[in-house]
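Working through the structure, step by step
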Amino acid sequence: MECYPHSPSGSRGGSRETQEKIDGMRLDFAKKANPFNNWLEGAREDLLDMFVCHSIEEVNSLVTVHEEFKACLPEFHQIFLDIQQMQQDIDVVATFGSNPYTNLEVDSLGTKWNELLQLIPQRDQLLQDALVKEKKKDELRKTFANHANWFANWTAEEQLKISESTMGPDLTLNEQLHYLGELLEEVEAYKPQYEELENLNKMIQNEVIFNNPYCKHTMESLNVSWEELHNSVARQKNAVENQILVRDSKGINEEQVKEMKSAFDHFDKNDDGKLDHFEFRACLVSLGYNVDTEEHLVNNASESERQSDFERVLQMVDPDMTGQVTFQAFMDFMTQEASDMDTAEQIIASFRVLAGDKRYIMPEEIRRELPSHQAEYCIARMSPYEGHDGIPGSLDYMSFATALYGQSDL
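Rules behind the numbers
- Residues numbered from 1 in each chain as written.
- Predicted model: local features only at pLDDT ≥ 70, side-chain atom pairs only at ≥ 80, totals over all residues.
- Heavy atoms only, no water.
- Helix = DSSP H or I, 4+ residues; strand = E, 2+ residues; numbered from the N terminus.
- Buried < 20%, exposed > 50% of the residue type's maximum accessible area, 1.4 Å probe, protein only.
- Contact = heavy atoms within 4.5 Å.
- Areas by Shrake-Rupley, 256 points an atom, 1.4 Å probe, with all protein chains shown as cover.
- Polar contact = N/O pair within 3.5 Å; in protein donor to acceptor, adjacent residues only side chain to side chain.
- Phe/Tyr/Trp six-rings, centres within 6.5 Å; stacked < 30°, edge-to-face > 60°.
- Axes fitted to C-alpha atoms, helices over the stretch in contact; angles between N-to-C directions.
- Parallel < 35°, antiparallel > 145°, perpendicular 65-115°, else oblique.
- Nonpolar A, V, L, I, M, F, W, Y, C, P; charged D, E, K, R; others polar.
- Expected span 1.5 Å × (residues − 1).
- Arc of directions from axis to C-beta.
- Salt bridge = Lys/Arg side-chain N within 4 Å of Asp/Glu carboxyl O.
- pLDDT = per-residue confidence, 0-100.
- Core = buried A, V, L, I, M, F, W, Y, C linked by side-chain atoms within 4.5 Å.

Moving on: the overall build of the protein chain. The helix and strand inventory of the protein chain stands at 15 helices and 4 strands. Burial status across the protein chain gives 37% buried among its 410 residues. Long-range pairs, those at least 24 residues apart, make up 75% of the contacts in the protein chain between residues at least 6 apart in sequence. In the form shown here, the protein chain has an accessible surface area of approximately 24600 Å², with 51% of it arising from carbon and sulfur atoms.

Structural data, given as structure tokens:
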């Protein structure tokens with residue numbers, strides 16, 4: 001059975017040419033329609049793609065890509081018009097049959113094109129909303145940064161004020177106490193600013209903001225600074241109160257208290273108000289105690305005796321052997337040492353009486369007047385007397401007293 005009526009051979013030849021022309025037109029249609037359809041589907045996927053941004057720059061980057069996409073729409077609209085015209089041309093010469101090169105039809109392409117045009121303004125709105133949201137977040141970052149940077153600088157300045165309260169050479173302990181009291185009130189008065197920072201930080205957390213290029217400080221670091229500042233003022237104020245108490249109860253003058261405090265603070269490297277045993281020894285050296293490199297207080301006793309002497313000191317200042325010496329324990333020890341200490345003049349005067357007003361003394365004179373253990377202690381440590389008026393075996397009690405002055409009975 002033939003598909004067409006009988007016609008002369010020339011007509012059949014013309015029909016064959018027509019079919020070839022239609023076939024070529026359909027092939028051209030497919031070559032244009034298939035890529036255009038792929039572009040429509042890819043563009044639709046991009047327009048429906050969900051996004052999460054964390055900065056204005058990220059949103060602007062998406063906006064730029066979207067604007068570039070919209071700029072190329074006229075080009076693709078022309079392609080769609082060309083495809084429509086190609087289909088119309090095919091319909092004029094081909095009244096039957098389908099396109100063997102593609103299943104795509106102009107109507108389906110038109111539906112996708114119209115859907116794409118509807119998605120574009122929706123994408124515009126989403127990007128605009130995201131930009132507004134990120135701008136609000138950025139303002140929140142800046143607000144937090146302004147408060148945080150100011151607060152960090154303020155805490156640093158207040159810490160300097162704490163140092164100045166004890167470094168001023170003209171400030172008495174009572175003046176230091178008054179100054180620190182005012183400083184503590186000033187610090188506590190700034191608590192509302194700290195609470196405002198906490199509220200801003202909660203807002204930042206609620207907005208899921210992870211980074212802040214305007215500020216290097218976090219709420220955690222600011223919290224540490226605030227606690228350290230408050231505790232430092234309170235601790236320093238308490239320390240000065242203790243110094244005043246020691247001054248008034250022990251009967252020592254303010255200069256002595258300041259000297260001890262200055263020495264203690266110098267060796268309190270981590271500023272925690274405590275000295276470890278090594279720092280304690282170094283502090284004793286700075287105050288006139290002679291401490292050797294073998295970690296013993298130096299005197300003329302044997303090494304085992306020196307060790308037991310130092311352990312006895314530690315038992316006084318650190319009875320629980322925690323490894324730490326507090327300033328209060330240090331002050332108690334130093335004031336006790338000072339109260340028990342004879343002056344060189346007193347020692348010389350005492351030995352002069354024992355020696356019968358001579359510039360030297362004999363061992364038997366010492367043994368006669370002093371208890372046995374004290375006599376042997378003194379004799380063992382006194383140098384031979386080298387004066388021209390001396391006699392064999394005479395001892396120099398003056399150099400002994402001078403060497404002993406300023407040292408404890410350790």
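Relative to the helices and strands, S55 resides in the loop between α1 (9–48) and α2 (56–71). In this structure, the C-alpha to C-alpha distance between S55 and D138, residues 83 residues apart in sequence, is 7.6 Å. Among the polar contacts made by the side chain of S55, one reaches the main-chain amide nitrogen of E58 at a distance of 3.2 Å.

Here we come to the packing of aromatic side chains. Summed over all chains, the structure comprises 23 aromatic pairs. With centroids separated by 5.1 Å and ring planes inclined at 70°, the aromatic side chains of F264 and F327 adopt a geometry described as edge-to-face. Of this pair, F264 sits in helix α8 (residues 254–267) while F327 sits in helix α11 (residues 327–340), and the two are 63 residues apart along the sequence. Take F327: its relative accessible area is 8%, and that puts it in the buried class. Measuring from ring centre to ring centre gives 6.2 Å for F280 and F333, while their planes differ by 70°; the resulting arrangement is edge-to-face. Placement of the pair is F280 in helix α9 (residues 277–286) and F333 in helix α11, with a sequence separation of 53 residues. We note that F280, like F333, is buried. Put simply, the rings of F36, W39, F69, F76, F80 and W113 pair up and form one aromatic cluster.

Now for unusual backbone geometry. Here M321, not a glycine, exhibits a phi torsion of approximately 50°, which is positive. Mapped onto the fold, M321 is located in the loop between α10 (303–317) and β2 (324–326). Positive phi is not limited to glycine here, since D357 has a value of about 70°. By secondary structure assignment, the location of D357 is in the loop between α12 (344–354) and α13 (363–369).

Attention shifts here to the environment of D389. Of note, D389 is situated in the loop between β3 (383–384) and β4 (395–396). Through-space distance from the C-alpha of D389 to that of Y360 is 8.8 Å; in sequence the pair is 29 residues apart. The residues touching D389, leaving out its near neighbours within four places in the chain, are R359 and Y360. Only 2.7 Å separates the side chain of D389 from the side chain of Y385, close enough to count as a polar contact.

What follows deals with the packing of helix α5 (residues 173–189) against helix α6 (residues 191–206). Interhelical geometry of α5 versus α6 gives an angle of 30° and a closest axis separation of 5 Å. When the axes of α5 and α6 are compared, the pair comes out roughly parallel. Contact with α5, carried on its side by V187, E188 and A189, involves K191, P192 and Q193 of α6 and no other residues of that element. Across the contact of α5 with α6, the residue classes break down as 3 nonpolar, 1 polar and 2 charged.

Turning our attention to α5. For α5, spanning 17 residues, the distance from its first C-alpha to its last is 24 Å, which sits close to the expected 24 Å at 1.5 Å a residue. Within α5 the residues assigned to the buried category are L173, Q176, L180, G181, L183, L184 and V187. Along α5, the residues classed as buried sweep out an arc of 170° about the axis, all on the same side. Turned more than 90 degrees off the buried face of α5, the exposed positions are H178, E185 and A189.

All right, on to the side chain of N201 then. Mapped onto the fold, N201 is located in helix α6. Filtering out sequence-adjacent residues up to four positions away, N201 remains in contact with F144 and M219.

In a structure, side chains of opposite charge can pair up when their charged atoms sit close to one another. One pass over the structure, following the stated rule, counts 14 salt bridges. Of the charged contacts in the structure, one is a salt bridge between E134 and K137, with a shortest N-O distance of 3.5 Å. On the criterion of helical spacing, the pair formed by E134 and K137 is a turn pair, its members being 3 residues apart in helix α4 (residues 106–167). Using a relative accessible area of 6% as the deciding quantity, one classes K137 as buried. Among the ionic pairs, K161 bridges to E186, the shortest N-O distance being 3.2 Å.

Moving on to the environment of S350. Within the secondary structure layout, S350 lies in helix α12. Exposure remark for S350: the relative accessible area of 44% places this residue in the partly exposed category.

Another point: the confidence of the model for the protein chain. Do not read the predicted coordinates in detail wherever pLDDT is low. Per-residue confidence for the protein chain gives a mean pLDDT of 84, with 86% of residues at or over 70. Taken as a whole, residues 292–306 scores under 50 in pLDDT and shows 25 contacts with residues more than four places along the chain or in a different chain. Every residue in residues 406–410 is under pLDDT 50, and counting partners more than four places away or in other chains gives 12 contacts.

It is worth spelling out the nonpolar core at this point. Counting residues in each nonpolar core, the largest one holds 48 residues, and the members touching the most others are F144, F280 and F330. Only α4, α5, α6, α7 (219–250), α8, α9, α10 and α11 provide two or more residues apiece to this core. In terms of nonpolar packing, the next biggest core, distinct from the first, is built from 25 residues, A33, L40, L73 and L119 among them.

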